[in-house]
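Here are the chains, one letter per residue:
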Amino acid sequence: MPGQLAIDLEDVCKIYKGRIEALAGISMQVSKGEIFGLLGPNGAGKSTLVKIMMTVIHPTRARGTILGRPVGHKPTLARIGYLPEHHRFPLYLTGRQTVMYQAAMCGVSRTRRKRETDRLLDVVRMKSWENKKLSTYSKGMMQRIGLAASMVNDPDLVVLDEPTDGVDPVARREIRDVLSSMRADGRTVFLNSHLLSEVELVCDRVAILLQGRLSKEGTIDELTESSQRYEIIISGPAPDWIGEFEGEAISLEDPERTRMNFQGFNPEQVQPVIDRLRAESIQVISIKDVRETLEDLFMRLVTDEKTGATMGPGGRVAGRGGDAR
């Protein structure tokens, strides 16, 4: 429903000088109150899309709305928090001064400015460092101060461009906690990141851009559903009847064991296979429900784009547009 959308973009295109097409007609919807991840390799157009949304650059063409108003509507920008990829705050400022300065730039009143700064420094766990200069901060600390600054105007939508880039694992976890708290408060978070494991942990839905085009969009489960399969490792060779179940036998390094793949099977479908193995006294060593990770899916799509072949979820190659099963 349009009334439930924080972002509703249609046919966003950006062509730079020299006919370089950074975005080739992107259409994308983000629901209110969700964390939405934007993924893609370098040069895919992710940051270009973010900058168009934030009016940092102008699109060649674009239709759609952000928070219910046309892209670029100035009063609406005041309801958006933004953390650029390479943000630069004056290093002579303290953490507290940085957040206060950002609040002043956003037109927050002096009384509310102080209250919000206190609250947000607690949220990002920087209260104990608030009076130290940014020049003494680590990358993770700088990112947390940047997150606090992006929320100081109490935004409905927070747009974050690579917020965990170069941040150590402890700080990444703390940033994930902050993002989850934003969602719990009812805010929408639009997250541009190349750290797929982070996106998989925190995002409700994701979109994958490849060469300026939208390749995939949906929940993690929706995007990886086609890769779902059961792997059964047995002792000895695969039985002759494996083809009856459209299974595939794969030899392992251990010659006394065989792995059988059953692509797209659910628990009910795999039961007859298990029953038949037991009836024939074939030793079952392990049964595993397998699904691609977001990183597996991403790498497969990028490989497909580069080679022109379609790589199936099980790692087999088919012709472009063919069935990889």
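First, a word on what this report is: a plain description of the structure on this page. (Residues numbered from 1 in each chain as written. Predicted model: local features only at pLDDT ≥ 70, side-chain atom pairs only at ≥ 80, totals over all residues. Heavy atoms only, no water.)

**Quick word on the overall build of the protein chain**
Helices and strands together make up the secondary structure of the protein chain, namely ten helices and 16 strands. Considered along the principal axes of its C-alpha atoms, the protein chain spans approximately 80 × 45 × 35 Å. Sorting the 325 residues of the protein chain into buried and exposed places 45% on the buried side. A sequence separation of at least 24 residues applies to 67% of the contacts in the protein chain between residues at least 6 apart. For the protein chain, the exposed area adds up to about 16500 Å²; of that, 48% sits on carbon and sulfur atoms. Once the 45 positive and 44 negative side-chain charges of the protein chain are each reduced to a mean point, those two points are 12 Å apart. (Helix = DSSP H or I, 4+ residues; strand = E, 2+ residues; numbered from the N terminus. Buried < 20%, exposed > 50% of the residue type's maximum accessible area, 1.4 Å probe, protein only. Contact = heavy atoms within 4.5 Å. Areas by Shrake-Rupley, 256 points an atom, 1.4 Å probe, with all protein chains shown as cover. Lys, Arg positive; Asp, Glu negative; His and termini not counted. Charge placed at Lys NZ, Arg CZ, Asp CG, Glu CD.)

**Here we look at the sheet that holds strand 9 (residues 205–210)**
Spatial ordering of the open sheet is given by 6-7-8-3-9-10, a layout of six strands whose pairing is mixed. In this open sheet, the two edge strands, each paired with only one partner strand, are strand 6 (80–83) and strand 10 (213–218). Strand after strand, the sheet turns through a mean of 15° between neighbouring axes, direction not considered. Inspection of the sheet shows strand 9 paired to strand 10 by five bridges, in the antiparallel sense. Paired with Ile-208 across the bridge in strand 10 is Lys-216. Its contacts with the sheet place helix 1 (residues 46–53) against strand 3 (35–39), strand 6, strand 7 (157–161), strand 8 (188–192) and strand 9, and it is angled at close to 145° to strand 8. (Pairing = 2+ DSSP bridges. Axes fitted to C-alpha atoms, helices over the stretch in contact; angles between N-to-C directions.)

**Here's the deal with the nonpolar core**
In this structure, Leu-147, Leu-160, Leu-179, Met-182, Val-206 and Leu-294 are the most contacted members of the largest nonpolar core, which totals 45 residues. No other element matches the six residues that helix 5 (residues 139–150) contributes to this core. In terms of nonpolar packing, the next biggest core, distinct from the first, is built from 25 residues, Ile-7, Leu-38, Leu-67 and Leu-209 among them. (Core = buried A, V, L, I, M, F, W, Y, C linked by side-chain atoms within 4.5 Å.)

**Quick notes on the pattern of salt bridges**
All chains considered together, the criterion is met by 25 salt bridges. Asp-254 serves as the salt-bridge partner of Arg-257, at 3.7 Å between the closest nitrogen and oxygen. With a relative accessible area of 37%, Arg-257 lands in the partly exposed category. For Asp-254, a relative accessible area of 33% puts it in the partly exposed group. A single salt-bridge network, built from bridges that share partners, covers Arg-96, Lys-114, Asp-118, Lys-127 and Glu-130. (Salt bridge = Lys/Arg side-chain N within 4 Å of Asp/Glu carboxyl O.)

**Comments concerning the pairing of strand 2 (residues 20–31)**
In the sheet, strand 1 (residues 5–16) pairs with strand 2 via nine bridges, with the strands oriented antiparallel. Counted as the bridge partner of Lys-14 is Leu-23 from strand 2. Where strand 1 hands over to strand 2, the hairpin turn is made up of three residues, of which Gly-18 adopts a positive phi near 85°.

**Side note on the pairing of strand 7**
Of all five residues in strand 7, five are buried; the element is thus mostly enclosed. Residues of strand 7 alternate between two faces, with Leu-157, Val-159 and Asp-161 on one and Val-158 and Leu-160 on the opposite face, all of them buried. Of the pairings in the sheet, the one linking strand 6 to strand 7 comprises four bridges and is parallel in character. Paired with Leu-83 across the two strands is Leu-160, which belongs to strand 7. By the bridge criterion, five bridges tie strand 7 to strand 8 in an arrangement that is parallel. The residue of strand 8 that forms the bridge with Leu-160 is Leu-191. Note on the crossover from strand 7 through helix 6 (residues 169–184) to strand 8: the handedness is right-handed. (Right-handed = clockwise from strand over helix to strand, strands pointing away.)

In short, geometric facts, not functional conclusions.
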